[in-house]
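# Topology and contacts: notes
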Amino acid sequence: LGMAYARYEVRTKINANINKALYIFEDEEISFNLEPEGIIPSDDPYVYRFSVSNFNASKQSDVDLSYTIKMRTTTNLPITIKLYRNELYTSPGATNIFGGAVSQQDDDNTWYRLYTASGEYTMNYNTRVTDVYTIVIDFPASYASNTTYANSIESIEIMLDSKQIV
């Protein structure tokens, strides 16, 4: 079997208004944090886009790959999170691929919410594949008058776990 490599790209300019682009070339976990300027209560959702590809400008995977997506957030803000794959979240019938969040505690006794996408996604080596994901975060404006969440920061980490299909 051939060997593949992974790459994480922070800066990207794509017409699809994508915030991050991830390139899968190896069976490993990639993670990144959304670093918004701040999430404040709003009637408008916060929308972030990222893409996952099996190729970049100079390389293409030479093995079939599969990957899963998880998201881990702190429990500081009462936000709701939805994830959409290859579709506009505003389209009628758009499907949120996150189920409900599961609460978990780490070794430092910090609580997190863990969201897991509903499937494992594949990319064949002989086809250039790009999946575009849209994260929609709601923090209702009704919390604007509640000082409980003033100056609270929410960590939102996206984890992509890929493996070679044998």
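Values in this document were obtained by computation on a predicted structure and should not be read as measured data.

Within this structure, the stated rule accounts for four salt bridges. Between Asp131 and Arg85 there is a salt bridge, with the nearest N and O atoms lying 3.2 Å from each other. In this pair, Asp131 is assigned in strand β10 (residues 130-138) and Arg85 in strand β6 (residues 80-85), connecting sequence segments 46 residues apart. The class for Asp131 is buried, based on a relative accessible area of 3%. The shortest N-O distance in the salt bridge between Lys163 and Glu120 comes to 3.6 Å. Of the two residues, Lys163 sits in strand β11 (residues 156-164) while Glu120 sits in the loop between β8 (111-116) and β9 (121-123), which places them 43 residues apart along the sequence. For Lys163, a relative accessible area of 42% puts it in the partly exposed group.

Let's shift gears to the pairing of β8. On any regular strand, side chains alternate: one points to one face of the sheet, the next to the other face. The sheet contact formed by strand β5 (residues 65-74) and β8 spans five bridges and is antiparallel. Of the residues in β8, the one forming a bridge with Met71 is Tyr115. Across four bridges, strand β7 (residues 102-105) lies against β8 in antiparallel orientation. Note on β8: the bridge partner recorded for Ser103 is Arg113. Hairpin connection between β7 and β8: a loop of five residues separates the two successive antiparallel strands, and Asn109 in this loop has a positive phi of roughly 65°.

Thresholds applied
- Residues numbered from 1 in each chain as written.
- Predicted model: local features only at pLDDT ≥ 70, side-chain atom pairs only at ≥ 80, totals over all residues.
- Heavy atoms only, no water.
- Salt bridge = Lys/Arg side-chain N within 4 Å of Asp/Glu carboxyl O.
- Helix = DSSP H or I, 4+ residues; strand = E, 2+ residues; numbered from the N terminus.
- Buried < 20%, exposed > 50% of the residue type's maximum accessible area, 1.4 Å probe, protein only.
- Pairing = 2+ DSSP bridges.

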